[in-house]
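Summary of structural features
Listed here are the chains, written in short residue letters.
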Amino acid sequence: MPVQYVLGEWDFQDLTLKMRPPVFIPRPETEDLISLVVEEQSRKCEKNSGLCFPVPVPHPVILEIGCGSGAIALSLLCKLPQSRVIAVDKEKAAVDLTRENAHRLQLQERIHVLHHDVSYSSAKQLLLWGPVDFIVSNPPYVFHEDMASLDAEILRYEDLDALDGGDDGMRVIKTILALAPSLLKDSGSVFLEVDPRHPNMVENWLQAHPNLLLVLRAIHKDFCGKPRFLHIQNQSR
């Protein structure tokens, strides 16, 4: 059994989170995803303060799709004290664990945790607080054919639905991107963790769907030097 489940808790960023099977165990590289969102929010604030007539920057609203233990959502709430988060997962075990971790960290007033399987028709359920500034996700992105080669402990104990991204690893990624224009504010951003093979695939998919008005702004590498994180932006109409 993975040590995180044996101990019943694990550190992510500066937080100690409860862990229990089969909820997905957050990986260290995902901490970089948090940093990218925080940096983008800081850039937006700096850009606004440089205007001749700065306008109030509204407190950011963040949507996390596939919240698992709540690691990403709760880290963002700590790093961005003015933010609010809607955290969604299709597995009740994950929803319950995120809620428990939010209460342990006394962040429950700024997060709404939703038990929901995101689909192409999900926009209405996800717009609880109006259009969002950021969509953040570490979605299932393992190519289905690669699932059998994962570590035996992962296959035995972790939720495989949180890993298996379908034949091209993009089953959930495509759903998120198709929904994004109806969820994001103008110039809002999507931040995704992906397989290193995905950046080109995602860029080609976006070019094949120009009606979405989404553009791949940046590809960021993980600490192993592999292209791992995508910044996709909603183009202002």
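Here the structure is shown first, and the text comes after it.
Predicted model only: the values in this text are computed from it and were never measured. (Residues numbered from 1 in each chain as written. Predicted model: local features only at pLDDT ≥ 70, side-chain atom pairs only at ≥ 80, totals over all residues. Heavy atoms only, no water.)

Below, the discussion takes up helix α4 (residues 92-104). Think of an α-helix as turning once every 3.6 residues; residues three or four places apart then point the same way. Its 13 residues give α4 an end-to-end C-alpha distance of 18 Å, which sits within 8% of 18 Å, the value for a rise of 1.5 Å per residue. Taken residue by residue, α4 has A94, V95, L97, T98, N101 and A102 as its buried positions. Around the axis of α4, the buried residues are gathered within 165° of arc, so they sit on the same side. The secondary structure elements touched by the buried residues of α4 are β2 (15-18), α3 (71-79), β4 (84-89) and β5 (111-115). Trailing α4 by a residue or two, Q106 shows a phi angle of about 60°, which is positive. (Helix = DSSP H or I, 4+ residues; strand = E, 2+ residues; numbered from the N terminus. Expected span 1.5 Å × (residues − 1). Buried < 20%, exposed > 50% of the residue type's maximum accessible area, 1.4 Å probe, protein only. Arc of directions from axis to C-beta. Contact = heavy atoms within 4.5 Å.)

Moving on, we get to the packing of helix α7 (residues 171-183) against helix α8 (residues 198-207). At a closest axis distance of 12 Å, the pairing of α7 and α8 adopts a crossing angle of 40°. The angle between the axes of α7 and α8 places the two elements in the oblique class. Like other packed secondary-structure pairs, α7 and α8 cross with a definite hand, here right-handed. Between α7 and α8, the contacting residues are I173, K174, L177 and A178 on the first element and H198, V202, W205 and L206 on the second. When its residues are assigned to classes, the contact of α7 with α8 shows 6 nonpolar, 1 polar and 1 charged. (Axes fitted to C-alpha atoms, helices over the stretch in contact; angles between N-to-C directions. Parallel < 35°, antiparallel > 145°, perpendicular 65-115°, else oblique. Left-handed = near helix turned anticlockwise from the far one by under 90°. Nonpolar A, V, L, I, M, F, W, Y, C, P; charged D, E, K, R; others polar.)

Spatially, the 7 strands line up as an open sheet ordered β5-β4-β3-β6-β7-β9-β8, and their pairing is mixed. Bordering the open sheet on either side are β5 and β8 (214-221), each of which pairs with just one other strand. Across the sheet, the axes of successive neighbouring strands diverge by a mean angle of 15°, strand direction being ignored. Bridging between strand β7 (residues 184-193) and strand β9 (residues 227-234) involves 5 bridges; their strand directions are antiparallel. (Pairing = 2+ DSSP bridges.)

This part takes up the pattern of salt bridges. The final tally for this structure, using the stated rule, is 14 salt bridges. In this structure, K90 engages E91 in a salt bridge whose closest nitrogen and oxygen atoms are separated by 3.0 Å. Residue K90 is classed as partly exposed on the basis of its relative accessible area, which comes to 34%. Exposure remark for E91: the relative accessible area of 28% places this residue in the partly exposed category. The residue R197 makes a salt bridge to D146 at a minimum N-O spacing of 2.7 Å. With a gap of 51 residues between them, R197 in the loop between β7 and α8 and D146 in the loop between β6 (132-137) and α6 (152-157) connect regions that are remote in the sequence. One salt-bridge network, held together by shared partners, links K44, D133 and K185. (Salt bridge = Lys/Arg side-chain N within 4 Å of Asp/Glu carboxyl O.)

Let us look at the environment of L183. Mapped onto the elements of the fold, L183 is located in helix α7. With relative accessibility at 1%, the residue L183 sits in the buried group. Separated by 96 residues in the primary sequence, L183 and A87 have C-alpha atoms spaced 14 Å apart. In contact with L183, other than residues within four places in its own chain, are L63, A123, L126, L127, P131, V132 and I135.

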